[in-house]
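Notes for the structure review
As a plain string of letters, each chain reads:
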Amino acid sequence: MGRYIIRRLLQFIPTLAGALFLLHYLASLAVQLNGNPARAMFGDRRPSEAMLAAVSKLYNLDDPCLEQVGNPCLGQFVNRVTNLAQGDMGSNFRGRPVTEIIADSLPLSMRLAVIALTVQILIGITAGIFAGLRNKGVIDYTVKISTVLIIAFPVFVLGKVVQTTVNVPVTNALRGSDVAPDWVAVFFSVSYSPNSPWLSLMVPGIVLGALGLATTARLTRTSLIENLHADYVRTATAKGMPRRRVIGVHALRNSLIPVVTDLGLAVGVLLSGAVVTEAIFNIPGVGFQLINAIRLGESPVIVSLVTFFVLIYLVVNLLVDLLYAVLDPRIRYE
Amino acid sequence: MSESPTGGGAAAKSTDPAFAAVPAGTSERARSLWSDAWRDLRRDPVFIIASLIVLAVVSMVLFPSLWTSGDPRDCDLSRARQKPSWDAPFGFSNLGCDYYAQAIYGAGPSIQVAVFATVGIAVIGTLLGVLSGFYGGLVDTVISRVVDVVAGLPFLLGAVVLLALMQSRSVWAIVFVLIALAWISLTRVIRGSVLSTKNMDYVAAARSLGASDRRIIFRHILPNAMAPGVVVLTIALGLFVSLEATLTFLGVGLRAPTVSWGVMIVQGQSHVLSGYPHLLLVPCLFLVTTVLGFILMGDALRDALDPKLR
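Residues numbered from 1 in each chain as written. Chains lettered and ligands numbered in written order. Predicted model: local features only at pLDDT ≥ 70, side-chain atom pairs only at ≥ 80, totals over all residues. Heavy atoms only, no water.

**Here's the deal with the overall build of chain B**
Tallying secondary structure elements over chain B gives 13 helices and zero strands in all. Ordered by position in the sequence, the α and β elements of chain B form the string α-α-α-α-α-α-α-α-α-α-α-α-α. (Helix = DSSP H or I, 4+ residues; strand = E, 2+ residues; numbered from the N terminus.)

In structure tokens:
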């Protein structure tokens, strides 16, 4: 296992460097093709040459390589990575450091992710187990149909439809009536309210969790069905072990290994989904800042924020792969 | 997808009689997998429903006038936000356009994006998957590393950043971005299935009879390695329809003069609170049904093409 961990760590470095370079190259190419993004700061007004030069210098946009289309700007890449390693991700067009923006908005996104992951794990695995235990039964078909339905809903449609058909009518019905306690109204509120940082994130979190829930449920189901036919399960049943223990301890433990791996990949879906959910429910998280940066055309900020997302994604996947080696001692990595 | 299975093969066949038996044997086998699958699919109600949905959507794209006599761009502000009626089953949009006609014509850009992007990843993914699976060595290492790097970008985020930087909002820009990020999934699948097919006895037999690499790839490996790829591509069609709409929603996709489901959803969402939820829900319904059709079709194909499930 030690060898596997070292191999996996060594493999992480080129992937990380490759992903960072890809982002850097795209950003440089965009400047080379579209011209200086600093112009976006001035809106319709035409800045004087000196002013533009000063602003460009401030955002490292004055490098001559940014005028040669296709030039990978390796010098700038080295600078960017060095800055990143020192915790400097540049700043937006109003001079606010991107790290500060992230620090302000990250707790919200984390809370959203925690709710979503909890929903995904609890409901997804439970549904998968029930479906797997009664293969081709009523629950199995229900799970199958509902998971296909959920996959077919793009996350923003799911969010918008839930907001329109659940949150809006419930909020309207509760307005002015004092039958229901306050927390119900907060739970169904149409957008995030800073006064109740967890409760008003519940509906967006559930919507976000529903995204990956289908995959988790299906994966649990198939892998449980596969394991229930395995020799060791038959042996355990044959020696008279109670069914609850056979399933709970023997079959389930093995069945959950692929599910754990999938949860690592699910973080990528969560990060992307968070951008959409935060936009719909007005949650000022990191994804919301990304949408803002897109609207304002602040390409340096877009690149920094996506770099941050990619870092999280890669690190989480590294951790999941390492966890995989602990969970499944059979793994051999050549 | 294996458009040119003949070529060098036909020439070899005429010169060497030993080849006559081999391709006949393998094509028989390839045919039986697909004809078995087809026999299963014809009786599968899920596949039939999914095909009907897909057929309906494709006919909306090719012949929208079959479905509606209205013109999606014939807008009249005096009819703005009229409620659904007999003449206009979905009412009128905020700008007074016939919403039913818009929903029908809106299929066009969405499906175009999905089809072009799918064809793109089919070509690139198959080519690179075969190259890296069949030849191995340095080619495989390079392709697999690039795949790993691209997989390091979460899909939607990568698409958002690419489109935001490109500053182009055309169908082709979206197609390009989808291909640039999605080719890895098919490459991985084809590579894996080429790797397992490569060691089959019939490939060794063909090689010992002196078949060229190209012949082995096109006549022996691809027909047998393609089945999982077809499933991935069918599901990709559905996911691309949904991604196009998502990108449009995030403000980096198609824009207003274009009539597409994504654009309709973006415009419809602002009238939900003022009492016109159907302006949002109608395009959502069309979008979800279409995605559902493609995904169900892919699921049914997967079940039918998997010999283990027989």
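**What about the nonpolar core?**
Within the largest apolar cluster, 151 residues are counted, with the highest numbers of intra-cluster contacts made by Phe156(A), Leu290(A) and Phe240(B). For this core, the leading source of residues is helix H11 (residues 213-249) of chain B, giving 19 residues. If near-sequence neighbours (up to four positions away) are discounted, Phe156(A) is found in contact with Val276(A), Ile280(A), Ala245(B), Thr246(B), Phe249(B), Ile265(B) and Leu287(B). Judged by nonpolar contacts, the second largest core, of 10 residues, contains Ile129(A), Leu224(A), Val246(A) and Ala251(A). (Core = buried A, V, L, I, M, F, W, Y, C linked by side-chain atoms within 4.5 Å. Buried < 20%, exposed > 50% of the residue type's maximum accessible area, 1.4 Å probe, protein only. Contact = heavy atoms within 4.5 Å.)

**Points about the interface of chain B and chain A**
Contact with chain B, which involves 38 residues of that partner, is made by 43 residues of chain A. Roughly 3,400 Å² of surface becomes buried between chain B and chain A when both sides are summed, with 82% attributable to carbon and sulfur atoms. The interface formed by chain B and chain A holds one salt bridge in total. Two residues, Arg218(A) and Asp299(B), come together in a salt bridge whose shortest N-O distance is 3.0 Å. Along the contact surface separating chain B from chain A lie one residue pair in polar contact (both at pLDDT 80 or more). Going through the elements one at a time, helix H7 (137-151), helix H8 (155-166), H11 and helix H13 (278-305) of chain B are the ones with two or more residues in the side of chain B that touches chain A. (Buried area = accessible area lost by both parts, 1.4 Å probe. Salt bridge = Lys/Arg side-chain N within 4 Å of Asp/Glu carboxyl O. Polar contact = N/O pair within 3.5 Å; in protein donor to acceptor, adjacent residues only side chain to side chain.)

**What to know about a nonpolar patch on the surface**
Residues and elements named next belong to chain B. Residues Val115, Phe116, Val119, Val123, Ile124 and Trp172 make up a contiguous nonpolar surface patch of about 540 Å² in total accessible area. Considering each element in turn, the nonpolar patch owes the most residues, five residues, to helix H6 (residues 107-135). Looking at the secondary structure, you find valine 115 in helix H6. Residue class for valine 115 comes out partly exposed when judged on its relative accessible area of 35%. (Patch = residues over 30% accessible without salt bridge, like charges linked within 9 Å, V, L, I, M, F, W, Y side chains within 5 Å. Areas by Shrake-Rupley, 256 points an atom, 1.4 Å probe, with all protein chains shown as cover.)

**Some thoughts on the side chain of Ser132(B)**
All names here are of chain B. As for its placement among the helices and strands, serine 132 is situated in helix H6. At 3.4 Å, the side chain of serine 132 forms a polar contact with the side chain of aspartate 140. A polar contact of 3.5 Å, which involves the side chain of serine 132, links it to the side chain of arginine 191. With residues near it in sequence (within four places) discarded, serine 132 still touches Asp140, Ile143 and Arg191.

**Here's the deal with the packing of helix H12 (residues 261-268) of chain B against H13(B)**
Residue and element names in this part refer to chain B. Close contact between H12 and H13 brings their axes to 8 Å; oriented N to C, the two are set at 150 degrees. By the angle between their axes, H12 is roughly antiparallel relative to H13. Between H12 and H13 lies a crossing of left-handed hand. Contacts between H12 and H13 involve Trp261, Met264, Ile265 and Gly268 from the former and Leu279, Leu280, Pro283, Cys284, Phe286, Leu287 and Thr290 from the latter. (Axes fitted to C-alpha atoms, helices over the stretch in contact; angles between N-to-C directions. Parallel < 35°, antiparallel > 145°, perpendicular 65-115°, else oblique. Left-handed = near helix turned anticlockwise from the far one by under 90°.)

**Thoughts on the packing of aromatic side chains**
Tallied over the full model, the rule gives six aromatic pairs over all chains. Considering the side-chain rings of Phe21(A) and Tyr25(A), the 5.9 Å spacing of their centres and the 15 degrees angle between planes classify their relative orientation as stacked. In this pair, Phe21(A) and Tyr25(A) are both assigned in helix H1 (residues 2-34), four residues apart and thus about one turn of the helix distant. With a relative accessible area of 29%, Phe21(A) lands in the partly exposed category. Relative to Tyr135(B), the ring of Phe134(B) lies with its centre 5.0 Å away and its plane at 85 degrees, an arrangement referred to as edge-to-face. By relative accessible area, which is 8% here, Phe134(B) ends up buried. Residue classification places Tyr135(B) among the partly exposed residues on the basis of a relative accessible area of 43%. (Phe/Tyr/Trp six-rings, centres within 6.5 Å; stacked < 30°, edge-to-face > 60°.)

**Concerning the pattern of salt bridges**
Under the definition given, this model contains eight salt bridges over all chains. Here Asp213(B) ties to Arg207(B) by a salt bridge, and the two come within 3.8 Å at their closest N and O atoms. Residue classification places Asp213(B) among the partly exposed residues on the basis of a relative accessible area of 30%. In the salt-bridge network here, residues are joined through shared partners; they are Arg218(A), Asp299(B) and Arg302(B).

**Regarding the side chain of Thr234(B)**
Residue and element names in this part refer to chain B. You can see threonine 234 is positioned in helix H11. Under the relative-accessibility criterion, threonine 234 is labelled buried at 10%. Look past the residues within four positions of threonine 234 in its chain and what remains in contact with it is Phe294, Met297, Gly298 and Leu301.

**Observations concerning the confidence of the model for chain A**
Do not read the fine detail of predicted coordinates wherever pLDDT is low. Looking at chain A as a whole, its pLDDT mean stands at 80, while 90% of the residues score no less than 70. Ranking the elements of chain A by mean pLDDT puts helix H7 (residues 182-187) of chain A last, at 71, and helix H9 (residues 231-238) of chain A first, at 89. (pLDDT = per-residue confidence, 0-100.)

**Concerning helix H10 (residues 243-280) of chain A**
Residues and elements named next belong to chain A. A rise of 1.5 Å per residue sets the reference length of H10, with its 38 residues, at 56 Å; its end C-alpha atoms lie only 46 Å apart and thus fall more than 12% short of the reference. The principal kink in H10, of about 45 degrees, is found at leucine 252. Once H10 ends, the next one or two residues include asparagine 282, with phi positive near 55 degrees. (Expected span 1.5 Å × (residues − 1). Bend = angle between axes of the 7 residues up to and from the residue.)

**Some thoughts on the environment of Ala236(B)**
All names here are of chain B. Examined against the element boundaries, alanine 236 turns out to sit in helix H11. A residue is classified by how much of its surface remains accessible, and alanine 236, at 10% relative accessible area, is buried. Taking the C-alpha atoms as reference, alanine 236 lies 13 Å from threonine 187; in sequence the two are 49 residues apart. Excluding anything up to four places from it in sequence, alanine 236 contacts Thr118 and Ile121.

**Considering the environment of His24(A)**
Secondary-structure assignment places His24(A) in helix H1. Other than its neighbours up to four places away in sequence, His24(A) contacts Pro72(A), Cys73(A), Gln76(A), Phe77(A) and Arg80(A).

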